[in-house]
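Examination of the molecular architecture
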Amino acid sequence: LLETHNVMIACTLNGGHWLSVLGYVSLGSIEEDQIILYDPYYHSTRMFRADEIFSMWTGSFPDSLDGDYIAIKRSDSKC
């Protein structure tokens, strides 16, 4: 999805807000893989272990935005 779309995820980081996904670095397992995120609230770029972000993304609060994402097709995308 990241190859053709700009993606944001809703997660429970810092109480819960949206983060832009900039990249995914595959290192062999979900415990080693890294996700590069931009946090517009703090205007900063951060790298997290994939399993850490996935646990914050899926969360455990009913009726919340956990697990939600927005994907917007890039204008240069051929899909």
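Residues numbered from 1 in each chain as written. Predicted model: local features only at pLDDT ≥ 70, side-chain atom pairs only at ≥ 80, totals over all residues. Heavy atoms only, no water.

Before going further, it helps to examine the confidence of the model for the protein. Of all residues in the protein, 84% attain a pLDDT of 70 or more, and the chain-wide mean is 84. The least confident element of the protein, judged by mean pLDDT, is helix 1 (residues 50–58) at 82; the most confident is strand 3 (residues 34–39) at 95. (pLDDT = per-residue confidence, 0-100. Helix = DSSP H or I, 4+ residues; strand = E, 2+ residues; numbered from the N terminus.)

Examined bridge by bridge, strand 3 and strand 4 (residues 44–49) share six bridges and lie antiparallel to one another. Among the inter-strand pairings, Q34 is bridged to a residue of strand 4, identified as R49. Here strand 3 hands over to strand 4 after four residues, with H43 in that stretch at a positive phi of 50 degrees. (Pairing = 2+ DSSP bridges.)

As summarised here, the arrangement of the five strands in space is 4-3-2-1-5, forming an open sheet in which the pairing is antiparallel. The open sheet has two free edges, formed respectively by strand 4 and strand 5 (69–73), since each of these has just one partner strand. Adjacent strand axes in the sheet meet at a mean angle of 30 degrees when their direction is disregarded. (Axes fitted to C-alpha atoms, helices over the stretch in contact; angles between N-to-C directions.)

On to a nonpolar patch on the surface, then. Taken together, Y24, I30 and F54 make up a surface patch of nonpolar side chains, about 240 Å² in accessible area. Among the structural elements, Y24 can be located in strand 2 (residues 17–25). By relative accessible area, which is 38% here, Y24 ends up partly exposed. (Patch = residues over 30% accessible without salt bridge, like charges linked within 9 Å, V, L, I, M, F, W, Y side chains within 5 Å. Areas by Shrake-Rupley, 256 points an atom, 1.4 Å probe, with all protein chains shown as cover. Salt bridge = Lys/Arg side-chain N within 4 Å of Asp/Glu carboxyl O. Buried < 20%, exposed > 50% of the residue type's maximum accessible area, 1.4 Å probe, protein only.)

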